[in-house]
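Residue strings, one per chain:
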Amino acid sequence: MNNIIEISHLNKSFGEVKAVQDLSFKVKEGELFAFLGVNGAGKSTTINIMCGQLAKDSGEVRIDGFDLSKDPDSIKRSLGVVFQNSVLDKDLSVRDNLQSRAALYGISGEGFRDRLAELSEMLEFDNLLKRPLGKLSGGQRRRIDIARALLHRPKILILDEPTTGLDPQTRSTLWKVVGDLRKKEGMTVFLTTHYMEEAADADYVVILDSGKISAEGTPLTLKNTYTGDFVTIYGAEEAQVTKLGMPYEKIRDAYKVSVPDTAAATQLILKYPEIFSDYEIVKGKMDDVFLTVTGKKLTGGTEK
């Protein structure tokens, strides 16, 4: 697959604060790319530079084959962006909001009506078109924000913490739409999130800390590198679990034993079959990876 985003040696400072430091990464066409970091790590700064809303200090940004320094307008046409906070007018109706945004891309008349019908069916907001945006719930507004980002059929959809504060049904709808767009149109999705189960579904993950990359790779590679496996043993006595010689903790009616990897778990099972009459093996989660890499827990909120 071709690289649709290429960031090379990107730097941005705000006075004494180095928000982004020598940042380099690539995103392949059609993939779900997760860009993770705690508040202040530099995620939104990087996105704002990519979108042309913030000037970089140095480095190169190429998106969809265009150089940001030479052709920012072409890049903007390639991008659809869902920001953490809505950029739509609360006093206008949903239809008027989307119509005014579509006009910025030269979409009007029958072209707009067709695209609006397509998006309202896809995101299930046909019954909201006449209502003022400010009267909608948070989940409803987020659907309209996504429709606004998709009006011009962008090649790349940037989702900046898109599901924060949403109910499970709206989150499910959002991810179904994203999945369908990737499958049918080959859309590339650039995601920031503090929900690690969303990052676990990504094709590639970059973890940012203090403006620098702390770790990157596929979710499986990161989990194998930065976490071990856990074996939950049921129906065993603590004296038996202690005999395994591995760190463990008591959880409800079981013991959770930490092992370096699946191979180590297999060796223990073969050596002490009498202990493992009822058990399950679980790989470390992306939360464990993030905590190991950064020493911090990932939580929601806004950042610079």
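See the structure above.
Residues numbered from 1 in each chain as written. Predicted model: local features only at pLDDT ≥ 70, side-chain atom pairs only at ≥ 80, totals over all residues. Heavy atoms only, no water.

Asks: Sorry if this is basic, but what is going on with the nonpolar core here?
Replies: Burial of nonpolar side chains together is a common tendency in soluble globular proteins. Within the largest apolar cluster, 46 residues are counted, with the highest numbers of intra-cluster contacts made by Leu36, Val94, Leu98 and Phe125. With 5 residues, the top contributor of residues to this core is helix α5 (residues 138–150). Those residues in contact with Leu98 that sit more than four places away from it in its chain are Phe112, Leu116, Phe125, Ile144, Ala147, Arg148 and Leu151. Ranked by size, the runner-up nonpolar core spans 28 residues in total, among them Val27, Phe33, Val61 and Ile158. (Core = buried A, V, L, I, M, F, W, Y, C linked by side-chain atoms within 4.5 Å. Buried < 20%, exposed > 50% of the residue type's maximum accessible area, 1.4 Å probe, protein only. Helix = DSSP H or I, 4+ residues; strand = E, 2+ residues; numbered from the N terminus. Contact = heavy atoms within 4.5 Å.)

Asks: I tried to follow the layout of surface pockets on my own but got confused; where do I start?
Replies: Where empty space is left can be seen by rolling a probe of water-molecule size over the atoms. A volume near 400 Å³ is recorded for the largest pocket. As for the largest pocket, its lining consists of 15 residues, and the residues nearest its centre are Lys76, Leu79, Val81, Tyr105 and Arg148. Grouping the amino acids of the lining of the largest pocket by side-chain chemistry returns 8 nonpolar, 2 polar and 5 charged. Here the second largest pocket defines a volume of roughly 190 Å³. Along the walls of the second largest pocket sit 13 residues, with Ser86, Gly138, Arg141, Arg142 and Asp145 positioned nearest its centre. Among the residues making up the lining of the second largest pocket, the classes are represented as 3 nonpolar, 6 polar and 4 charged. (1 Å grid on protein atoms, 1.4 Å probe; cavity = no way out; pocket = protein on both sides within 12 Å on 5 of 7 lines; lining within 4 Å. Points joined across faces, edges and corners; volume = space filled by probe spheres on them. Nonpolar A, V, L, I, M, F, W, Y, C, P; charged D, E, K, R; others polar.)

Asks: Honestly, the side chain of Thr163 in this entry has me stumped. Any pointers?
Replies: Assignment of secondary structure puts Thr163 in the loop between β7 (156–160) and α6 (168–185). Residue classification places Thr163 among the buried positions, given a relative accessible area of 1%. Those residues in contact with Thr163, other than ones at most four positions away along the chain, are Arg142, Arg171, Leu174, Trp175, Tyr195 and Glu198.

Asks: Would you mind showing me how to read the packing of aromatic side chains here?
Replies: Centre distance and the angle of the planes are the two values used to describe a pair of aromatic rings. Under the criterion given, the structure shown has 9 aromatic pairs. Pairing Phe35 with Phe190 gives two aromatic rings, centres 5.3 Å apart and planes at 50°, and the pair type is tilted. Taken as a pair, Phe35 in strand β3 (residues 32–36) and Phe190 in strand β8 (residues 188–192) lie far apart in primary sequence, 155 residues in all. Grouping residues by exposure puts Phe35 and Phe190 together as buried. Taken together, a centroid distance of 5.5 Å and an interplanar angle of 90° make the contact between Phe276 and Tyr279 edge-to-face. A relative accessible area of 7% places Phe276 in the buried class. Classification of Tyr279 as partly exposed rests on a relative accessible area of 34%. One aromatic cluster in this structure is built from Phe25, Phe33, Phe35, Phe190 and Tyr204. Seen from the ring of Tyr255, Lys250 lies directly overhead, with NZ or CZ sitting 5.3 Å from the centre. Here the guanidinium or amino end of Lys256 rests over the ring plane of Phe230, the centre of that ring lying 4.4 Å away. (Phe/Tyr/Trp six-rings, centres within 6.5 Å; stacked < 30°, edge-to-face > 60°. Lys NZ or Arg CZ within 6 Å of the ring centre and 35° of its normal.)

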